[in-house]
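Descriptive analysis of the structure
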Amino acid sequence: MNKKIIAALAITAAAGLVSAPAAFAQTAPPHHDGWFVNGQVGSAHMDHNEYDGHDTGYQLTGGYRWELGPSALLGVEAGYNDLGNIDANKAFHSGKVYDTSRSQLRGWMVGANGHFNITPNWYVGARAGLYSWKGHGVAHNETPVFKTSLDKTDWYTGVGFGYDFANNFSLGLNYDYYHAKKDHVDLSTDMISVGGEYRF
């Protein structure tokens, strides 16, 4: 992934998280069972023989969590993402690339997630589940190189950390990986993103 983009995202998220307004109390109210919605935007990256680049990606999820204790919530989620379009690496093959060679990956997710406070305000999170994707891409070591439309159900996983500004709102920095591979076409993508969550 482009190191400048990673650094910019990390600095932006850290600045926003560390400089919490004084109006927010240092002790967040306890979390409870409930619904949530989460939005993320960041840099999606592919690094394969066929592709090596990045584009803007976004993700929107929602779900429900149950309280396991004063600082732990575990729940289920469902959502949708669009991981952008990334140019094929023309150096990977001497054959002509027919049609547009830009990748495309987007899909629906359903899985489990957790929100665990390590202090009253700071938290770590994790998620994993099934990823039902559709995409377009070029295959490795095929001549001529045609762009192919594919769909499959694979998996995703992710981790993150952030700051709870209140019982119902937080901001965080996340890393997510989406496995998407079929018929010699590898569209697997990771994303570093800044996200906001609202809890009802």
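What counts, and at which threshold
Residues numbered from 1 in each chain as written. Predicted model: local features only at pLDDT ≥ 70, side-chain atom pairs only at ≥ 80, totals over all residues. Heavy atoms only, no water. Core = buried A, V, L, I, M, F, W, Y, C linked by side-chain atoms within 4.5 Å. Buried < 20%, exposed > 50% of the residue type's maximum accessible area, 1.4 Å probe, protein only. Helix = DSSP H or I, 4+ residues; strand = E, 2+ residues; numbered from the N terminus. Contact = heavy atoms within 4.5 Å. Polar contact = N/O pair within 3.5 Å; in protein donor to acceptor, adjacent residues only side chain to side chain. Patch = residues over 30% accessible without salt bridge, like charges linked within 9 Å, V, L, I, M, F, W, Y side chains within 5 Å. Areas by Shrake-Rupley, 256 points an atom, 1.4 Å probe, with all protein chains shown as cover. Salt bridge = Lys/Arg side-chain N within 4 Å of Asp/Glu carboxyl O. pLDDT = per-residue confidence, 0-100. Lys, Arg positive; Asp, Glu negative; His and termini not counted.

1. Description of the nonpolar core
Judged by nonpolar contacts, the single largest core of 19 residues is most densely connected at Tyr51, Leu83, Leu105, Tyr131, Trp133, Tyr178 and Leu187. Where this core is concerned, the elements lending two or more residues are strand 1 (34-47), strand 4 (104-117), strand 5 (122-138) and strand 6 (147-166). Element by element, the count of residues in this core is highest for strand 5, at three residues.

2. Remarks on the environment of Tyr178
Along the polypeptide, Tyr178 turns up in strand 7 (residues 169-179). Contacts of Tyr178, omitting those with residues within four sequence positions, involve Gln59, Asn81, Leu83, Met109, Tyr131, Trp155, Tyr156, Ser188, Thr189 and Met191. At a separation of 2.3 Å, a polar atom in the side chain of Tyr178 contacts the side chain of Gln59.

3. A short note on a nonpolar patch on the surface
Taken together, the side chains of Trp35, Val37, Leu60, Phe169, Tyr198 and Phe200 make up a nonpolar region of the molecular surface, amounting to roughly 640 Å² of accessible area. Position of Phe169 among the secondary structure elements: in strand 7.

4. Details of the confidence of the model for the chain
The pLDDT averaged across the chain works out to 83; a share of 74% of its residues lies at or above 70. Counting interchain partners and residues more than four positions distant, the pLDDT-below-50 stretch residues 16-25 has 14 contacts.

5. Observations regarding the environment of Ser103
Looking at where Ser103 falls in the secondary structure, it is placed in the loop between strand 3 (72-82) and strand 4. Once the C-alpha coordinates of Ser103 and Gly135 are considered, the two residues, 32 residues apart in sequence, prove to be 7.2 Å apart.

6. What about the side chain of Asp186?
Counting through the fold element by element, Asp186 comes out in strand 9 (residues 185-186). We note that Asp186 is buried and unpaired, the nearest opposite charge coming from Lys181 at a distance of 4.4 Å. At 2.9 Å, the side chain of Asp186 forms a polar contact with the side chain of Ser188. When near neighbours in sequence (up to four residues on either side) are disregarded, Asp186 contacts Met46, His48, Tyr51, Ala180 and Lys181.

7. Examining unusual backbone geometry
Of note, Asp183 is a non-glycine position whose phi angle comes to about 50°, a positive value. Turning to its location among the elements, Asp183 is positioned in the loop between strand 8 (181-182) and strand 9. Of note, His184 is a non-glycine position whose phi angle comes to about 65°, a positive value.

8. Points about the pattern of salt bridges
A full pass over the atoms with the stated rule returns seven salt bridges. Glu197 is the partner of Arg65 in a salt bridge, and the nearest nitrogen-oxygen pair spans 2.9 Å. One end of the pair, Arg65, is in strand 2 (residues 52-69); the other, Glu197, is in strand 10 (residues 189-199), and 132 residues separate them in sequence. Here Glu197 and Arg199 are joined by a salt bridge, their closest N and O atoms 2.8 Å apart. Here Glu197 matches Arg199 in class, with each residue buried.

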